[in-house]
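Fold and contact review
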Amino acid sequence: MDPASPQWQADFFPRPWAVYAEVGALGLRIRTGQSRHVFIRQGGTDGQVLVQQRCAPGLTVLPIGRADACGDWLICEVENTAVPDSDLKIEWVCSAPPVHAPAIAIIICTFNRDQQLRLVLDALGKQREAIGHICIVNQGHSGLAARVRREDDPSFLQIVEQANYGGAGGFTRGLMESLKMRGMTHFLFMDDDVEISDTLIIRLKAICAYVPDSICIGGAMLDIRNPDSVVSLGHRIDVNKCAVRDIVPKEGMSLNDEGTLRQMAELPDVDFCGWWCFCFPQRAVEQCGLPLPFFIRGDDAEYGLRLTHAGFRTVMWPGIAVKHNALTSQTQAWHHFYDRRNALLCSLLYSPKGQAPSVASLVRGIINAMVTYRYDFAEAGIGALRAYQCGADALAEWGAESHRDLLANRIKDEAAPAERPVAITCYPTPFFRTLISVMRIIHDYFAPQSQINHMPVVNNRDWVSGTRQRPEGILVKTGDKVTRLVRDPKRFRAIFHSLIKGLVAQYFRKPPSKQNIWKMTTIEWWENFLKISGK
């Protein structure tokens, strides 16, 4: 147990060990320099005391019982921990020996975050005995090694530089380099801006030593500004619409709430974990190949879904977590392009119902964007449809320049005025909201632009399709910023015509070739794509 870790990370959660490993009998090993009273109890306000004993100075092992017979959550309480004792050390142990000797390669993709990256390296340096290899792929300003490397960094730290191929390209390059390292059994994808404990990799190595090589380990995401708040526990995917469903509600879950710890202990069923902390076995790569070149947003979802379908289950292991900036719910149009393009491709590869549900979902989103004057989102949706229809060719041609062009079309937000947001209400039923949207589509196509005398401020959450009120222009407020949206008949008609052309092409055109897309998961394809053939 790390005394600097929060209590919940010092607790023990037996269920994953009982389900996915053979650990035999559990115990608590305590070394102390003075006599101490030790309690082991089940977690929760009404947790039953399983073991209590006064431990003499020296080493004591307290038997607890089998992992499948002692509950889902165990807490160790030691009397007088405030009394200094340099010898005090507490560890959860088991009677069974490990079945593997894991070697974990850590892969980090970075883009101009030198300071945050250095902090991650410092934390990794304190647990180097648990690490087999570290590969950092720099896609930002060149010369990273000269800026961040130190003399006391481990010799197995490798820094690779390449052009910006997005997170998918960076992580995949790191995976390819790590596959060359002899003896690596597991790979850990991790973000460059996370905060990690000094025992994270030690814990991961202990888990990998006992679980079969069909198990992937996901780490929870804690809000870096409020580490008592869990903001991600993995995700589910609706394969028909390829929509990601979060396990954790948008407002997060408090670790001070007993219900949160119980939910973590119960191992939520997930399809994938984001690449802020995702550990997977080498056998998964051998069987499933490399990630697809999705650039960003959805690369982790597709790869996790592919592993899941191949029998490599992702387990959100209690106690494995990193701190990270909470994922914002404020999506921009360029996010929307990647989300929808990659979702369509995932639907092509995995949906048993074909393309109709995902395309219908995309079209609804485009129409909703059009009637709320979010023309950049509508254009991004149509762009995603076109890119999807071009399949592997469009993926292969997409790179940093394409990404920059996408970012260049962003709407610039403005400082919010002092005016209070007005209340806007929606029609009560889906039927009426759909009917009003159809009527507004017809209106916006034919009606000339009206003069705008005043643009009211509306909260972002209230500005949706199917509202009773819809001024010609509006300021949509998010935080301390507003986005200026104005009805534009000329732009509306151009979008409408593009949408019709896209749907006609979707109907008459053959679906993208799955075979050509799967070719993009091979080392040979990636070497050619990254221009590193022969290296």
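Since the structure is predicted, the reported quantities are computational estimates derived from the model, not experimental observations. (Residues numbered from 1 in each chain as written. Predicted model: local features only at pLDDT ≥ 70, side-chain atom pairs only at ≥ 80, totals over all residues. Heavy atoms only, no water.)

Mapping A384 onto the fold places it in helix α12 (residues 375–389). A residue is classified by how much of its surface remains accessible, and A384, at 0% relative accessible area, is buried. The sequence separation of A384 and R262 amounts to 122 residues, and the corresponding C-alpha distance is 40 Å. Look past the residues within four positions of A384 in its chain and what remains in contact with it is F337, R340, R341 and L344. (Helix = DSSP H or I, 4+ residues; strand = E, 2+ residues; numbered from the N terminus. Buried < 20%, exposed > 50% of the residue type's maximum accessible area, 1.4 Å probe, protein only. Contact = heavy atoms within 4.5 Å.)

Judged by nonpolar contacts, the single largest core of 142 residues is most densely connected at I106, L124, M190 and F280. Ranked by the residues each element gives to this core, the list is headed by helix α10 (residues 333–350), at eleven residues. Once residues lying within four places of it in the same chain are set aside, the contact partners of L124 are I106, I108, I131, I134, M190, I196 and I201. Formed by 15 residues, the second largest nonpolar core is a distinct cluster that contains A220, L222, V230 and L261. (Core = buried A, V, L, I, M, F, W, Y, C linked by side-chain atoms within 4.5 Å.)

Quick look at the state of the cysteines now. Inspection of every chain in the model, using the stated rule, returns zero disulfides. For the unlinked cysteine C216, the closest cysteine sulfur is that of C279, found at 8.1 Å. A relative accessible area of 0% means that C216 is categorised as buried. C273 supplies the cysteine sulfur nearest to C277, a cysteine that is in no disulfide, at a spacing of 6.5 Å. (Disulfide = S-S within 2.5 Å.)

So, on to a nonpolar patch on the surface. Taken together, the side chains of F431, F432, L435 and M439 define a hydrophobic patch exposed on the protein surface, amounting to about 420 Å² of accessible area. The partly exposed category is assigned to M439, whose relative accessible area is 46%. (Patch = residues over 30% accessible without salt bridge, like charges linked within 9 Å, V, L, I, M, F, W, Y side chains within 5 Å. Areas by Shrake-Rupley, 256 points an atom, 1.4 Å probe, with all protein chains shown as cover. Salt bridge = Lys/Arg side-chain N within 4 Å of Asp/Glu carboxyl O.)

It is worth spelling out the packing of helix α11 (residues 356–371) against helix α15 (residues 430–446) at this point. Packing of α11 against α15 brings their axes to within 10 Å, and their N-to-C directions diverge by 60 degrees. With respect to α15, the element α11 is oriented oblique. Between α11 and α15 the crossing geometry is left-handed. Taken together, the residues of α15 that come into contact with α11 (itself represented by I367, M370 and V371) are S437, R440, I441 and D444. Class assignment of the residues belonging to the contact of α11 with α15 gives a composition of four nonpolar, one polar and two charged. (Axes fitted to C-alpha atoms, helices over the stretch in contact; angles between N-to-C directions. Parallel < 35°, antiparallel > 145°, perpendicular 65-115°, else oblique. Left-handed = near helix turned anticlockwise from the far one by under 90°. Nonpolar A, V, L, I, M, F, W, Y, C, P; charged D, E, K, R; others polar.)

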